[in-house]
Amino acid sequence: MGKEQRFLEFLERLVRVTHNPDFFDRETYVELIHDICECYGISKGDVEFYRNTSAEQKHEGSYFCDFDNGHAHKIIHRIRVISKTQAVLIATLYAEESAEFSDEEIDQLGLLLRVILSFVSRRRMMDTLETFGFTDEKGYPNFRAYARYLEMRNAEGKLVGNLAVQMDLHNFTLVNQEVGRECADEVMWNYFEAVKRAVGEKGIVSRLGGDKFIAVLPPEAKERFFEVLSGIPIPYDEESSKRIFVSSAAGIYVIPESFVMHTSGDIMDKITLSCAVAKKSEEGAIVFYDETMRAMRERSKLVQRDFRIGLKREEFLVYYQPKVDVHSGEIVGAEALCRWFRDGSIVPPMNFIPILEQNMDICDLDFYMLEHVCRDIRRWLDVGRNVVRISVNLSRKHLVDVDLQEHIMTVIDKYHVPHEYVEIELTETTTDVQFRDLKRVVTGLRELGVHAAVDDFGMGYSSLNLIREIPWDVLKVDKCFLPTDDEKDNSINNVMFKHVVALAQDMGLECVVEGVETEKQLELLRTNCCNIAQGFYFDKPLPVEEFERRMITKGYETPVVTDTP
């Protein structure tokens, strides 16, 4: 057979093998390349692929070599092609030093190379599209990869019994702060790899964004997957063998036989909802979806909808819980607390406050309360009533407002309320940024004569910097520090309570203890020179009319304590 006939045969075989990449058989393709090289006396053939000319200049691309007999001494032909997508393909043929080729043979080899390049270009662009379409900028499989997997498994009828998961890495912001962003990226990737190994080949793990991941796994992988969720040490510096403990909160939906998937959103809704519940629980929490969560979500939507209506109708009322001098029983202040009356009944605070705190709605409620408190104080002043300082709670969500101080003062001054009658209660913060904002706001309020109180001190993870660095007027000690009647004098609670109160006094802070309910607790405050109590021992939160009547009577009778011999 002459070279012309062999060339035509090679061309026909090459077109046939590469015509449909979906049915491409690599073994047949490599065999054909070997036949062509041996027929023409080619020692080596390779192909380079670059996404663009910049990648070519940096030598960042792919290299393929399907034939090399070890005798490649000189280049006999090279083709460089730039595709419509600006991808660069380079094909090179090599031969022994003594090999010679006619112009016709070079033309034939050039045509065969162009067919090969066309095929390589299609396959590489398909790979590139796969990469761009189904992985994110960090190389993680993305949501589209997850949705595609769900649709494929659903079409095959193989989703039933699998676990669909959304997981949030626990406190990963702190990991960034501790080890730096570059090391944190490595920690995340290594944790992802650990999750992927736990899930196995029959599942998928994708990144939803940030430190959020989604997965599908078979039931037999559940145990090892849960071990990774609960927390494992993850290496991030091989040279020094440094590791950091990483865990996740996860929402899980076990796909039942009755489940019908119309879109991937049918599953995402469930795992997103259960993951949100898990995030509010302890570290490493795993929460399984059930239908009560859907009811909770619907209730949240109703609360958010009715909240706006309630504000317009002024359904939110201010209740005042007195703060009392423990020696005289005199009312020396009060905390303004919100009560929602809707359709003739009261909505418990726990049924709407946490929901409003999920977004910025709580900020609107806080300013509504401040406005109504200032309105009441102004009315009391105008009719000559006795007025005490009233404290108003502000959520830490307000700290994102750079003009918070100005907005607070606008409301207070709108009603011409003397600044000393208003106290703003703020809770501890969880980040350095919030801490700086908190310090700025408290300092500004104090300069304008408005009192500032740190609320629920000891309830969370209070740092002493909270009261050392920020110029508070008042320290409100949470009831979790207040010993119960049956505790011994040397109990941990008693010891801590005494020292917290003494610390506040030594720093010149007014100390208010919340949750005082018994006579013995009241006496404990007196013994430790804490002068102000708030709690059910004196009164629950009162409607404004009752609070006004209580103010007229000046306060409460307190038990007389006599010295025992």
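In case you missed it, the structure is sitting above this.
J.: Honestly, the overall build of the chain in this entry has me stumped. Any pointers?
T.: The secondary structure content of the chain amounts to 18 helices and 21 strands. Since a compact globule built from 565 residues should have a radius of gyration of about 24 Å, the 36 Å found for the chain marks it as more spread out than a globular shape. Across its three principal directions, the C-alpha atoms of the chain cover 125 × 50 × 50 Å. Here the chain holds 565 residues, and 49% of them are scored as buried. Taking all contacts inside the chain whose residues are at least 6 apart in sequence as the whole, residues at least 24 apart take part in 67%. Total accessible area on the chain stands at roughly 29,700 Å², and carbon and sulfur atoms take up 51% of it.

J.: Teacher, can you tell me more about the packing of helix H5 (residues 143–155) against helix H9 (residues 265–279) here?
T.: Axis angle and axis distance: for two packed helices, these are the angle between their axes and the distance between the axes, and together they describe the pair. In the contact formed by H5 and H9, the axes pass within 11 Å of each other and the chain directions differ by 120°. With respect to H9, the axis of H5 lies oblique. For the pair H5 and H9, the contacting residues are Phe143, Tyr146 and Leu150 in the first and Ile267, Met268 and Ile271 in the second. For the contact of H5 with H9, the per-class residue count stands at six nonpolar, no polar and no charged.

J.: Sorry, what's going on with the nonpolar core here?
T.: Looking at soluble globular proteins, one finds that nonpolar side chains tend to be buried together. One finds Tyr320, Ile390, Ile408, Trp472 and Phe547 to be the most contacted residues of the largest nonpolar core, which totals 80 residues. Looking at this core element by element, the count peaks at eleven residues for helix H12 (residues 361–382). If sequence neighbours within four positions are ignored, Phe547 has contacts with Tyr320, Pro322, Ile331, Ala334, Trp380, Val388, Ile390 and Leu542. Listed in part, the 34 residues of the second largest apolar core include Leu32, Phe67, Leu93 and Phe101.

J.: Sorry, what's going on with the sheet that holds strand S7 (residues 212–217) here?
T.: Whether parallel or antiparallel, the strands of a sheet pair through hydrogen bonds between backbone atoms. With mixed pairing, five strands are arranged side by side in an open sheet as S6-S7-S5-S10-S11. Edge positions in the sheet fall to strand S6 (204–209) and strand S11 (286–288), since each of these pairs with one other strand and no more. Neighbour-to-neighbour, the strand axes of the sheet open up by a mean angle of 20°, direction not taken into account. In this structure, strand S5 (residues 163–169) lies alongside strand S10 (residues 248–254), joined through seven bridges in antiparallel fashion. Bridged to Val165 within S10 is Ile252. Its contacts with the sheet put H9 on S5, S6, S7, S10 and S11, and the angle it makes with S10 is roughly 140°.

J.: What exactly am I supposed to notice about H9 here?
T.: Owing to its 3.6 residues per turn, the α-helix brings residues three or four apart onto one side. The end-to-end C-alpha distance of H9, which contains 15 residues, comes to 20 Å, matching closely the 21 Å that a straight helix rising 1.5 Å per residue would cover. Along H9, the residues classified as buried are Ile267, Met268, Lys270, Ile271, Leu273, Ser274, Cys275 and Ala278.

J.: Would you mind showing me how to read the pattern of salt bridges here?
T.: Once their charged atoms are close, side chains differing in charge can pair, the charge on each being opposite to the other. Applying the stated criterion across every chain yields a total of 33 salt bridges. With its nearest N and O atoms 3.0 Å apart, the salt bridge here joins Arg378 to Asp382. With Arg378 and Asp382 both in helix H12 and four residues apart, this pair spans about one turn of that helix. With a closest N to O distance of 3.3 Å, Asp539 and Arg550 form a salt bridge. A residue pair is termed long-range when its members are at least 10 positions apart, and Asp539 in the loop between strand S20 (532–534) and strand S21 (542–543) and Arg550 in helix H18 (residues 544–552) qualify at eleven residues. Judged by its relative accessible area of 13%, Asp539 falls in the buried class.

J.: Is there a simple way to explain the side chain of Glu315 in this structure?
T.: Residue placement: Glu315 occurs in the loop between helix H10 (291–313) and strand S12 (316–325). Of the residues examined, Glu315 reaches a relative accessible area of 11% and is grouped as buried. Apart from residues no more than four positions distant in its own chain, Glu315 is found in contact with Gly310, Arg339, Trp340, Phe341, Arg342 and Tyr368.

J.: It is not clear to me how the environment of Leu445 should be interpreted in this structure. Could you clarify?
T.: Note on placement: Leu445 falls in helix H14 (residues 432–447). Residues Leu445 and Ala72, spaced 373 residues apart in sequence, show a C-alpha to C-alpha distance of 81 Å. Apart from residues no more than four positions distant in its own chain, Leu445 is found in contact with Gln405, Ile408, Met409, Ile424 and Val450.

J.: Is there a simple way to explain the sheet that holds strand S1 (residues 44–50) in this structure?
T.: Across the sheet, which stays open at both edges, the four strands sit in the order S2-S1-S4-S3 with antiparallel pairing between neighbours. What marks the edges here is a single partner per strand, and that holds for strand S2 (62–68) and strand S3 (74–82). Between one strand axis and the next, the sheet turns through 10° on average, direction left out of account. Of the pairings in the sheet, the one linking S1 to strand S4 (residues 88–95) comprises seven bridges and is antiparallel in character. By the bridge assignment for S4, Phe49 is matched with Leu89.

J.: Where do I start with the packing of aromatic side chains in this structure?
T.: A ring pair, where both rings are aromatic, is described by two values, the distance of the centres and the angle of the planes. Taken as a whole and judged by the stated rule, the model has 21 aromatic pairs. What links up through ring pairs into an aromatic cluster is the set Phe307, Phe316, Trp340, Phe352 and Tyr368. Between Lys44 and the ring centre of Tyr94, over which it is positioned, the NZ or CZ distance is 5.1 Å. Looking at Lys270, its charged tip hangs above the ring of Tyr253, at a distance of 5.5 Å from the centre.

J.: Quick question: what am I supposed to make of H10 here?
T.: The end-to-end C-alpha distance of H10, which contains 23 residues, comes to 33 Å, matching closely the 33 Å that a straight helix rising 1.5 Å per residue would cover. At Phe307, H10 shows its largest kink, close to 25°. The complete set of buried residues in H10 reads Met293, Ser300, Val303, Asp306, Phe307, Gly310 and Leu311. Contacts from the buried residues of H10 go to H9, S11, S12, strand S13 (331–342), helix H11 (353–356) and H12. Within two residues after H10, Glu314 carries a phi angle of roughly 55°, on the positive side.

J.: Would you take a moment to explain the packing of H10 against H12 for this structure?
T.: Running from N to C, H10 and H12 cross one another at 25°; their axes reach a closest spacing of 11 Å. On the basis of their axis angle, the class for H10 and H12 is roughly parallel. Handedness of the H10/H12 crossing: left-handed. Here H10 contributes Gln304, Phe307, Arg308 and Leu311 to the contact with H12, which in turn contributes Asp361, Asp364, Leu365 and Tyr368. Residues belonging to the contact of H10 with H12 are distributed by class as follows: four nonpolar, one polar and three charged.

Criteria and cut-off values
Position numbers for residues start from 1 in each chain and track the written sequence from start to end. Local features are withheld for residues below a pLDDT of 70 in this predicted model, meaning they are given only at 70 or higher, and side-chain atom pairs are given and counted only at 80 or more; totals for whole chains, interfaces and linings count all residues. The side-chain values count all of the structure's non-hydrogen atoms but skip hydrogen atoms and water molecules. Numbering of helices and strands runs from the N terminus, with a helix taken as a DSSP run of H or I at least four residues long and a strand as a DSSP run of E at least two residues long. We compute the radius of gyration from the C-alpha atoms alone; for a globule the expected value is 2.2 Å times N to the 0.38, where N is the number of residues. Working definition: with a 1.4 Å probe on protein chains only, accessible area under 20% of the residue-type maximum means buried, over 50% means exposed, and in between means partly exposed. Only heavy atoms enter the contact rule, under which two residues are in contact if any of them lie within 4.5 Å. Here the Shrake-Rupley method, with its probe set to 1.4 Å, supplies the accessible areas, and only the displayed protein chains count as covering residues. Between N-to-C directions, angles cover 0 to 180 degrees, with each direction set by a line fitted to C-alpha atoms, over the stretch in contact for helices. Working definition: roughly parallel below 35 degrees, roughly antiparallel above 145 degrees, roughly perpendicular at 65 to 115 degrees, and oblique for all remaining angles. In the scheme used here, Gly and all other residues not listed as nonpolar or charged are polar, with Ala, Val, Leu, Ile, Met, Phe, Trp, Tyr, Cys and Pro taken as nonpolar and Asp, Glu, Lys and Arg as charged. For this analysis, a nonpolar core means a set of buried residues of the types Ala, Val, Leu, Ile, Met, Phe, Trp, Tyr and Cys, connected via side-chain atoms within 4.5 Å. Whether two strands pair depends on DSSP finding at least two bridges between them. One fewer than the residue count of a helix, multiplied by 1.5 Å, yields its expected span. Salt bridge, as used here: a side-chain nitrogen of Lys or Arg that lies within 4 Å of a carboxyl oxygen of Asp or Glu. Only rings of Phe, Tyr and Trp enter the pairing, Trp through its six-membered ring, and a pair is recorded when the two centres are within 6.5 Å. The plane angle decides the type: under 30 degrees is stacked, over 60 is edge-to-face, the rest tilted. Put simply, a charge is over a ring when the Lys NZ or the Arg CZ is close to the ring centre, within 6 Å, and near the line of the ring normal, within 35 degrees. Bend at a given residue is defined as the angle between two axes, one fitted to the seven residues that end at that position and one fitted to the seven that begin there. Crossing handedness: left-handed means the near helix sits turned counterclockwise from the far one by under a right angle, and right-handed means the same turn made clockwise.

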